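Overview (structure and organization)
Letter by letter, the chains look like this.
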Amino acid sequence: GQWSTTTGCILVPAPAKEGSIEDHAWVLAQQLAVWVPGAQVRSDLLQRSKDEMSGKKAHHSALEQAQSPFLEQKMKNRSAREKRGFQLTSAGREFLRKAPHKPIYFVDDILTTGSTAKAAWKALKKPSYFECLVLAYRKQPSLFDILRS
């Protein structure tokens, strides 16, 4: 798609994990905003749902989690990823009320199954113009999945 520069587009980074404000998606959105005229980064529109924040995998040891910050995500199957949820913040509800037709670009660091982008699209009330911008696309199955089986 083309960047919408007539009314300004909105770059919505994937909400960071609990306890973090800035992560890969936020940094990527900030850098994109430098190059896209009229773009605004709005990291205040979405938050992880309470179910998502409390769904940490307790069966992985602290050592395993420290060795790979992506272990939790890699160990999830498609059905577990599809349970991911986001919810609108009060700022998100206000934004949708005032500017319901602004083009929204959801920004994330990696696209695997698309479930994160789908959850964001649903939380944002299925906007008519919604695209996902990612740094990397990882096809299934990954080498990690093959070696693990």
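Residues numbered from 1 in each chain as written. Predicted model: local features only at pLDDT ≥ 70, side-chain atom pairs only at ≥ 80, totals over all residues. Heavy atoms only, no water.

**Describing the overall build of the protein chain**
The number of helices and strands found in the protein chain is 8 helices and 6 strands. Listed by position from the N terminus, the elements making up the protein chain come as β-α-β-β-α-α-α-α-β-α-β-α-β-α. Across the 149 residues of the protein chain, 36% fall into the buried class. The contacts of the protein chain with a sequence gap of at least 6 include a subset with a gap of at least 24, amounting to 77%. (Helix = DSSP H or I, 4+ residues; strand = E, 2+ residues; numbered from the N terminus. Buried < 20%, exposed > 50% of the residue type's maximum accessible area, 1.4 Å probe, protein only. Contact = heavy atoms within 4.5 Å.)

**A closer look at the nonpolar core**
Formed by 19 residues in total, the largest nonpolar core has its most connected members in Val12, Leu46, Phe86, Phe95, Ile104 and Phe106. Of all elements in the fold, only strand 1 (10-13), strand 4 (86-88), helix 6 (90-98), strand 5 (104-111) and helix 7 (115-123) reach the threshold of two or more residues within this core. Of the residues forming this core, the biggest block, 4 residues, is contributed by helix 7. (Core = buried A, V, L, I, M, F, W, Y, C linked by side-chain atoms within 4.5 Å.)

**Some points on the pattern of salt bridges**
All chains considered together, the criterion is met by 3 salt bridges. Measuring nitrogen to oxygen at the nearest pair gives 2.6 Å for the salt bridge that ties Arg97 to Glu94. Here the residue Arg97 and the residue Glu94 both occupy positions in helix 6, the gap between them amounting to 3 residues, near one helical turn. Assessed through its relative accessible area of 31%, Glu94 is described here as partly exposed. As a salt-bridge pair, Lys98 and Glu94 come within 3.3 Å of each other at their nearest N and O atoms. Of this pair, Lys98 and Glu94 both sit in helix 6, separated by 4 residues, roughly a single helical turn. Here the salt bridges share partners, and the residues they tie into one network are Glu94, Arg97 and Lys98. (Salt bridge = Lys/Arg side-chain N within 4 Å of Asp/Glu carboxyl O.)

**Description of the sheet that holds strand 5**
If you trace the 4 strands from one edge of the open sheet to the other, you get 2-1-5-6, paired in parallel fashion. Sheet topology places strand 2 (40-41) and strand 6 (130-137) at the edges, where each strand pairs with a single neighbour. With 2 bridges joining them, strand 1 and strand 2 adopt parallel strand pairing. Bridged to Leu11 within strand 2 is Val41. (Pairing = 2+ DSSP bridges.)

**Overview of helix 6**
Every buried residue of helix 6 is accounted for by Gly92, Phe95 and Leu96. Summarising the axial view, the buried residues of helix 6 lie within an arc of 95°, below the 170-degree limit, and thus occupy one face. When the buried face of helix 6 is taken as reference, the exposed residues oriented beyond 90 degrees from it are Ser90, Arg97 and Lys98. Against the buried residues of helix 6 lie strand 1, strand 4 and strand 5. (Arc of directions from axis to C-beta.)

**Let's talk about the pairing of strand 5**
Pairing between strand 1 and strand 5: 4 bridges, direction parallel. Following the sheet pairing, Leu11 is matched in strand 5 by Tyr105. Sheet topology note: the strand 5/strand 6 ladder contains 7 bridges and is parallel. Within strand 6, the position partnered with Leu111 by the bridge is Tyr137. Once the chain exits strand 5 it traverses helix 7 before rejoining the sheet at strand 6, and the crossover so formed is right-handed. (Right-handed = clockwise from strand over helix to strand, strands pointing away.)

**Thoughts on the side chain of Thr89**
Examined against the element boundaries, Thr89 turns out to sit in the loop between strand 4 and helix 6. Of note is the side chain of Thr89, whose polar atom sits 3.0 Å from the backbone nitrogen of Gly92. (Polar contact = N/O pair within 3.5 Å; in protein donor to acceptor, adjacent residues only side chain to side chain.)

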